[in-house]
Amino acid sequence: MSETVKIIYGDQTIELPVIIGSEGEKAVDITQLRNKTGFITYDPGFANTGSCKSAITFMDGEKGILRYRGIPVEQLAEHSSFRETAYLLVHDKLPSLRELNRFSILLNDHSLVHEDMRQFYETFPRASHPMGLLSSMVNALRSFYPELRIDEEEIDMTVTRLLSKVRTLAAMSFKISRGHKVVYPRPDLSYCANFLNMMFDTPVRPYLVDNDLVRALDVFWILHADHEQNCSTSAVRLVGSARTNLYASISAGIAALWGPLHGGANQAVIEMLTQVHRNGETVKRLVERAKDKNDPFRLMGFGHRVYKTYDPRALIMKGVCDKVLDRLKIDDPLLDLAKQLEAVALEDDYFVSHNLYPNVDFYSGIILRAIGIPTNMFTVMFAIGRLPGWIAQWKESMDDPEWRIGRPRQVYTGPRLRDYTPIDDR
Ligand code: SDX
């Protein structure tokens, strides 16, 4: 017998069905609430509200669990590649060798962007933020690839095209912002190696692909690949719910990710650590400021809406930090500072009582710095990693028979009925 919940209001009692997810998560189905009671629900930030059913990513915030299509992110970070994980998220299965090879060939074949797009970059101010450029350029792709039927074949082509071109668009913005020659993708390099080569190869100093750094970037992108209904994914789904095309929906997701409370936090963490290192502020002082309600300062890279324990991605990221810095023989004072900050915060009653732990952004910037990625491109790196997740979620919503255009309600708190006052009487 299916479970229900009872709502009693005055002499009214209604029963609402309970939905139970495959991991035992329970939800009250309120689709009939307003029809039956005239009531709506109120949940700013949707902290208690499920927007959809999804079979893509499972998170348990209390236990620090993250799985893509049922596979623990720790196993994917250990054994998989970003290409393979992207395929898993989008197609709901790990590819066979033949499927992976075909996917790699398609990624290579679609890695170029239309030459006319280079002029777009030239029209932006040189100091434009790379996230603004990326959001604009992904939206502009629609002008070059207008055909987007929702059938499987076309969607697959569009998905692969976007996954491949996003690297080229990001590297182009870096090169053009510095007045450097744009480097084209190469057929002999893997997904991650191609990106690094497009970023750092120059006519006078050929980029030497370092497989340890390529692996670090692979893991970095695997860890960012999806995270259920976070802010930017919800933006992609909401824009897509109006049957907006994939490019514009993804462009909206990039814009949402840009915020410093979301993906922009990786840039904010490094700026915070750099400032502390430069002005000699102690980590203890930083933690005190983060607790002070009169101080708008927040400890960037700490806290999470869902994780009430250590973010499993941050744990893996911390290990990659040590490996990369060790490999490059870099002694980054910001890593030591980050570890000190973590140690002090995790001992502090406020942080413990508020379940504030390092999240994915706390250590990720240290890796990117070591690889040579400029700070203002850190969130672009997050966006490239999150792209397969956004695409998978967009596709899932398009195929969802229960999916409707997103249109939340509100609780109105404005003025009651009043008449218009002619200007002479005001
Ligand atoms: C990402 O959702 C996802 O899955 C996102 C993400 C993904 O992969 O898509 O994981 C990526 O966005 C990670 C988060 C990156 N953002 C930051 O690191 C910015 C710093 N953290 C926060 O601002 C905050 O923790 C959020 C935004 C991440 C979560 O905010 P919530 O869930 O809305 O929590 P809240 O702001 O209501 O805070 C609850 C309490 C408050 O104290 P009280 O008023 O209850 O006493 O915790 C405090 C907050 O003041 N708090 C912090 C804090 N984060 C929360 N205090 C100091 N420093 C912090 N970082």
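In this text the structure is predicted, and so the values were computed from the model without any measurement.

Engineer: Tell me about the environment of glycine 64, and please be specific about residues and values.
Structural biologist: Looking at the element boundaries, glycine 64 is found in the loop between strand S4 (57-60) and strand S5 (65-68). Sequence-wise, glycine 64 and glutamine 410 are 346 residues apart; in three dimensions their C-alpha atoms are separated by 33 Å. Non-local contacts of glycine 64, meaning those with residues more than four positions away in its chain, are made with Tyr307, Thr309, Tyr310 and Pro312.

Engineer: I'd like a description of the domain arrangement of the protein chain, backed by residues and values.
Structural biologist: As assigned here, the protein chain comprises domain 1 (4-65) and domain 2 (72-401). Placing the centre of domain 1 and that of domain 2 at their C-alpha centroids yields a distance of 31 Å. The tally of links between domain 1 and domain 2 comes to zero salt bridges. Linking domain 1 with domain 2 are five residue pairs in polar contact (both at pLDDT 80 or more). With three residues, S4 is the single largest residue contributor to the side of domain 1 that touches domain 2. Residue composition of the side of domain 1 that touches domain 2, grouped by class: six nonpolar, six polar and four charged.

Engineer: Give a detailed account of the pairing of strand S1 (residues 4-9), specifying residues and quantitative values.
Structural biologist: With zero of six residues buried, S1 lies mostly on the surface of the structure. In this structure, S1 lies alongside strand S2 (residues 12-20), joined through six bridges in antiparallel fashion. For isoleucine 7, the partnering residue across the bridge sits in S2 and is isoleucine 14. Where S1 folds back onto S2 in an antiparallel hairpin, the turn is made up of two residues, including glycine 10, whose phi is positive at roughly 60°.

Engineer: Give me the sheet that holds strand S3 (residues 26-28): which residues, what numbers.
Structural biologist: Taking strand neighbours across the sheet as the criterion, the three strands line up as S1-S2-S3 in an open arrangement whose pairing is antiparallel. At either margin of the open sheet sits one strand with a lone partner, and together these are S1 and S3. Direction aside, the axes of adjacent strands within the sheet are offset by 30° on average.

Engineer: Quick one: what's the story with the layout of surface pockets, residue by residue and with numbers?
Structural biologist: Roughly 290 Å³ of internal volume is contained in the second largest pocket. Arg215, Ala216, Val219, Val320 and Lys323 are the residues nearest the centre of the second largest pocket, which is lined by 13 residues in total. Residue assignment for the lining of the second largest pocket shows that the elements contributing at least two residues are helix H2 (73-79), helix H9 (211-224) and helix H14 (312-328). The leading source of residues in the lining of the second largest pocket is H14, at six residues.

Engineer: Requested: an account of the site of the ligand, with residues and values cited.
Structural biologist: Near the ligand, the surroundings consist of 24 residues, among which His227, His304, Arg305, Arg313 and Arg386 are the closest. Measuring from an oxygen atom of the ligand, one finds a side-chain N or O atom of arginine 298 at 2.9 Å. Here the ligand, which alone exposes 1100 Å², has 76% of that area covered by the protein. Along the lines of polarity and charge, the residues of the shell around the ligand split into ten nonpolar, eight polar and six charged.

Engineer: Break down the packing of aromatic side chains for me, citing the residues and quoting the values.
Structural biologist: A full pass over the atoms with the stated rule returns 14 aromatic pairs. For the ring pair phenylalanine 82 and tryptophan 221, a centre distance of 5.4 Å and an interplane angle of 45° mean the geometry is tilted. Of this pair, phenylalanine 82 sits in helix H3 (residues 82-91) while tryptophan 221 is found in helix H9, placing the two residues 139 residues apart along the sequence. We note that phenylalanine 82, like tryptophan 221, is buried. Among the aromatic residues, ring-to-ring pairing joins Phe302, Tyr350, Phe351, Phe362 and Tyr363 into one connected group. Geometry around tyrosine 191 places arginine 167 over its ring, the cationic atom sitting 4.0 Å from the centre. Against the face of tryptophan 403 rests arginine 237, its NZ or CZ located 5.2 Å from the ring centre.

Engineer: Give a detailed account of a nonpolar patch on the surface, specifying residues and quantitative values.
Structural biologist: A contiguous nonpolar surface patch, about 320 Å² in accessible area, is contributed by Ile40, Tyr42 and Val411. Position of isoleucine 40 among the secondary structure elements: in the loop between helix H1 (33-37) and S4.

Engineer: Explain the packing of helix H10 (residues 231-240) against helix H11 (residues 246-257) to me, and be specific about the residues and the numbers.
Structural biologist: Taken N-terminus to C-terminus, the directions of H10 and H11 make an angle of 150°; their axes are 8 Å apart at the nearest point. Accordingly, the angle class assigned to the pair H10 and H11 is roughly antiparallel. Seen along the crossing, H10 lies across H11 with a hand that is right-handed. Contacts between H10 and H11 pair Cys231, Ser232, Ala235, Val236, Val239 and Gly240 from the former with Ala248, Ser249, Ile250, Ala252, Gly253, Ala256 and Leu257 from the latter. Its residues assigned to classes, the contact of H10 with H11 shows nine nonpolar, four polar and no charged.

Engineer: So, the side chain of glutamate 396: which residues are in play, and what are the values?
Structural biologist: Residue placement: glutamate 396 occurs in helix H18 (residues 378-399). Owing to a relative accessible area of 17%, glutamate 396 belongs among the buried residues under this scheme. A polar contact of 2.8 Å, which involves the side chain of glutamate 396, links it to the backbone nitrogen of alanine 55. Once residues lying within four places of it in the same chain are set aside, the contact partners of glutamate 396 are Lys53, Ser54, Ala55, Ile56 and Arg237.

Engineer: Explain the packing of helix H13 (residues 283-291) against helix H15 (residues 333-347) residue by residue, including any values.
Structural biologist: Packing of H13 against H15 brings their axes to within 9 Å, and their N-to-C directions diverge by 55°. Taken together, the axes of H13 and H15 lie oblique to each other. The way H13 lies across H15 gives a crossing that is right-handed. Residue-level contacts link Val283, Lys284, Leu286 and Val287 of H13 to Leu337, Gln340, Leu341, Val344 and Ala345 of H15. Taken together, the residues of the contact of H13 with H15 break down into seven nonpolar, one polar and one charged.

What counts and how
The written sequence of each chain sets the order in which its residues are numbered from 1. Local features in this predicted model are restricted to residues of pLDDT 70 or higher, and side-chain atom pairs are both shown and tallied only at a pLDDT of 80 or more, whereas totals for entire chains, interfaces and linings draw on every residue. To obtain the side-chain values, all non-hydrogen atoms of the structure were included, while hydrogens and water were left out. For the purposes of this entry, the term helix denotes a DSSP run of H or I that reaches at least four residues, the term strand denotes a run of E that reaches at least two, and both are numbered from the N terminus. Contacts between residues were defined by any pair of non-hydrogen atoms, one from each residue, lying within 4.5 Å. By convention here, the domain bounds are inherited from an automatic or database domain assignment. Just to be clear on terms, a salt bridge is a Lys or Arg side-chain nitrogen sitting within 4 Å of an Asp or Glu carboxyl oxygen. Two N or O atoms form a polar contact when they lie within 3.5 Å of each other; inside protein one atom must be a possible hydrogen donor and the other a possible acceptor, and for residues adjacent in sequence the pair counts only when both atoms belong to side chains. Put simply, Ala, Val, Leu, Ile, Met, Phe, Trp, Tyr, Cys and Pro go in the nonpolar bin, Asp, Glu, Lys and Arg in the charged bin, and everything else, Gly too, in the polar bin. Buried residues are those whose accessible area, probed at 1.4 Å on protein chains only, stays under 20% of the maximum for their type, while exposed residues exceed 50% and partly exposed ones sit between those limits. We call two strands paired when DSSP finds no fewer than two bridges between them. Between N-to-C directions, angles cover 0 to 180 degrees, with each direction set by a line fitted to C-alpha atoms, over the stretch in contact for helices. The definitions used throughout rest on a 1 Å grid laid over the protein atoms alone, on which a cavity is an enclosed set of points accommodating a 1.4 Å probe that cannot get out and a pocket is an open set flanked by protein within 12 Å on both sides along at least five of seven lines; lining residues are those having an atom within 4 Å of a point. Grid points are joined across faces, edges and corners, and a volume is the space filled by probe spheres set on the points. By convention in these notes, a residue is near a molecule or strand provided one of its non-hydrogen atoms lies within 4 Å of it. Shrake-Rupley sampling with a 1.4 Å probe provides the accessible areas, and residues are treated as covered by the protein chains on show and by no other component. Note on aromatic pairs: the rings of Phe, Tyr and Trp (six-membered ring only in Trp) are paired at centre separations within 6.5 Å, and the planes decide the class, stacked below 30 degrees, edge-to-face beyond 60, tilted for the rest. Look at NZ for Lys and CZ for Arg. If either is within 6 Å of the ring centre and within 35 degrees of the ring normal, a charge sits over the ring. Note that patches include only residues with greater than 30% relative accessible area and no salt bridge, and the join distances are 9 Å for like charges and 5 Å for nonpolar side chains (Val, Leu, Ile, Met, Phe, Trp, Tyr). We call two directions roughly parallel when the angle between them is under 35 degrees, roughly antiparallel when it is over 145, roughly perpendicular when it lies between 65 and 115, and oblique otherwise. Rotating anticlockwise by less than a right angle from the far helix to the near helix defines a left-handed crossing, while the corresponding clockwise rotation defines a right-handed one.

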